[in-house]
Amino acid sequence: MDPGEALRRLFGFEHFRPGQAEAVTAALADRDALVVMPTGSGKSLCYQLPALMRDDLTLVVSPLVSLMQDQVSALQSVAPGRVELVNAQRGGAANSEALARVADGSVRLLYVAPERFASPRFAEAVARTRVGLFVVDEAHCISQWGHDFRPDYFFLAEAARRVGARATIGLTATATPAVADDIARRLALRDPLRVTTGFDRPNLSFAVVRCGSGIDKRQRIAAALSEPDGVPAIVYAGTRRASEELAGFLARALDEEVLVYHAGLERRARAVVQERFMSGEARVIVATNAFGMGIDKADVRTVCHATVPGSLEAYYQEAGRAGRDGAPARCVLFAEQRDKGLHVFFIQRSRLDAGVFERAAERLR
């Protein structure tokens, strides 16, 4: 079947978006590829379409359960019975059933976390099938220069080799040239096709607001959220304590519930908070950068940063959670002079005293 015809038949689209046709053609020809496309531009279709056109298995490595679940749910109507996922949050019986369907050849797309390749049982099940594409989503996680560095991603090049994948594809929305080169090297991509369509999202507006005291910043954030089409909104704060204090202030100023999300909350509590925001039950959430990958709420109208993020890539990724429905949305950075001090604090805290290494070496000896 021609890729254009498959696109219409499976997904109902008449035309490819920029970069998609090239990536799909490479995947069908067993060519490695590195795809850098902005959020909402259709990166997933670059591997989903060829996977459903092929007669072998496509393994998709994804960093978060929520990302996997969203993708699988969306594909069930397109390819019922041909998409599965295996993760630690599913029961053992459900994972065993999924692997059995992989082994008998009825599954075309299997979503897994990077840690899954350490499981002998999983490796044994995959060894019984033919693997065509090895897809690494959020591929910037493999780069130490990326903003969401994940050590487990280091082993994916070896995992692709062990399963006998015919081609490896890395995809990300945020990769500078240096990060892109690092991704290609760490994934051991062979003469990869590079698809880069740019970072521009015309529906987003960006602004920086200089603030004075802490109360001035809070009032300015509240004013931004009070404007027409100011919500739903995500407000990023620099620390757990700051997120809780800011949420309390905004709840009083806006006279509505404001949720808080940070890594200090118990996992179940975080899941409940995320679900309430995603479903629209609450319209404003104040969070640290723990509220990260997997957040795909289409109608976020405003993303505020109460402190300057640690890198330009991190800012782009977080601000990019606005306006995924294509409608106008705002990204506002509220900056003050002392924001720099927060990052200096985190940098200093990350440094280890030389004695730590000496003591570790002594224990190893």
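Engineer: Lay out the layout of surface pockets with the relevant residues and their values.
Structural biologist: There is about 1000 Å³ of room inside the second largest pocket. Lining the second largest pocket are 38 residues, and of these Gly 40, Gly 42, Lys 43, Ser 44 and Asp 296 sit closest to its centre. Within the residue set of the lining of the second largest pocket, elements represented by two or more residues are helix H3 (45–53) and helix H4 (65–76). Looking at which element gives the most residues to the lining of the second largest pocket, the answer is H4, with five residues.

Engineer: Describe the sheet that holds strand E10 (residues 258–261), listing the residues and the values that go with them.
Structural biologist: Taken in spatial order, the six strands make up an open sheet running E8-E13-E12-E9-E11-E10, and their pairing is parallel. In this open sheet, the two edge strands, each paired with only one partner strand, are strand E8 (204–210) and E10. Here the strands of the sheet are splayed against their neighbours by 15 degrees on average, with no regard to which way each runs. Sheet topology note: the strand E9 (residues 233–236)/strand E11 (residues 284–287) ladder contains four bridges and is parallel. Along E11, the bridge assignment pairs Val 235 with Val 286. Sitting on the sheet, helix H10 (residues 240–254) is in contact with E9, E10 and E11, with an inclination near 170 degrees to E10.

Engineer: Tell me about the packing of aromatic side chains, and please be specific about residues and values.
Structural biologist: For the structure on display, the rule yields six aromatic pairs. Between Phe 117 and Phe 122, the ring centres sit 5.4 Å apart and the planes meet at 85 degrees, which makes this aromatic pair edge-to-face. Of the aromatic side chains, those joined through ring pairs into one cluster are Phe 117, Phe 122 and Phe 134.

Engineer: So what about the nonpolar core? Which residues, and what values?
Structural biologist: Within the largest apolar cluster, 34 residues are counted, with the highest numbers of intra-cluster contacts made by Leu 59, Leu 110, Phe 117, Phe 122, Phe 134, Leu 156 and Ile 183. Secondary structure elements with two or more residues in this core: strand E1 (33–36), strand E2 (57–61), helix H5 (92–103), strand E4 (109–112), helix H6 (120–127), strand E5 (131–136), helix H7 (156–162) and helix H8 (177–186). In terms of residue count, the dominant contributor to this core is H8 (four residues). Counting 33 residues, the second-largest nonpolar core is a separate cluster that includes Val 60, Met 68, Leu 109 and Leu 133.

Engineer: Describe the side chain of Asp 32, with residues and values.
Structural biologist: Topologically, Asp 32 is positioned in the loop between helix H2 (20–28) and E1. The exposure class assigned to Asp 32 is buried, which follows from its relative accessible area of 2%.

Engineer: An account of the pairing of strand E3 (residues 83–86) is needed here, citing residue identities and associated values.
Structural biologist: Side chains Val 83 and Leu 85 of E3 all project onto a buried face; the interleaved residues Glu 84 and Val 86 project onto the opposite face, where all are buried too. Bridge count for E3 against E4 is four bridges, and the pairing is parallel. Each bridged residue has a counterpart across the sheet, and for Leu 85 the counterpart in E4 is Tyr 111. Read as a crossover between parallel neighbours, the route from E3 over H5 to E4 is right-handed.

Engineer: Hey, could you go over the environment of Ala 33 for me, with residue numbers and the actual values?
Structural biologist: You can see Ala 33 is positioned in strand E1. The class for Ala 33 is buried, based on a relative accessible area of 1%. With 11 residues separating them in the primary sequence, Ala 33 and Glu 22 have C-alpha atoms 9.7 Å apart. In this structure Ala 33 touches Thr 168, Ile 169, Gly 170, Leu 189, Pro 192 and Leu 193, once residues within four positions along its chain are discounted.

Engineer: Give me the lowdown on the pattern of salt bridges, citing residues and values where you can.
Structural biologist: One pass over the structure, following the stated rule, counts 24 salt bridges. Put simply, Arg 330 and Glu 227 hold a salt bridge, and the shortest N to O gap is 2.7 Å. Of the two residues, Arg 330 sits in strand E13 (residues 329–335) while Glu 227 sits in the loop between helix H9 (214–226) and E9, which places them 103 residues apart along the sequence. According to the relative accessible area criterion, Glu 227 is partly exposed, its value standing at 40%. Here Glu 257 makes a salt bridge to Arg 276, at a shortest N to O gap of 2.7 Å.

The rules behind the values
Residues numbered from 1 in each chain as written. Predicted model: local features only at pLDDT ≥ 70, side-chain atom pairs only at ≥ 80, totals over all residues. Heavy atoms only, no water. 1 Å grid on protein atoms, 1.4 Å probe; cavity = no way out; pocket = protein on both sides within 12 Å on 5 of 7 lines; lining within 4 Å. Points joined across faces, edges and corners; volume = space filled by probe spheres on them. Helix = DSSP H or I, 4+ residues; strand = E, 2+ residues; numbered from the N terminus. Pairing = 2+ DSSP bridges. Axes fitted to C-alpha atoms, helices over the stretch in contact; angles between N-to-C directions. Contact = heavy atoms within 4.5 Å. Phe/Tyr/Trp six-rings, centres within 6.5 Å; stacked < 30°, edge-to-face > 60°. Core = buried A, V, L, I, M, F, W, Y, C linked by side-chain atoms within 4.5 Å. Buried < 20%, exposed > 50% of the residue type's maximum accessible area, 1.4 Å probe, protein only. Right-handed = clockwise from strand over helix to strand, strands pointing away. Salt bridge = Lys/Arg side-chain N within 4 Å of Asp/Glu carboxyl O.

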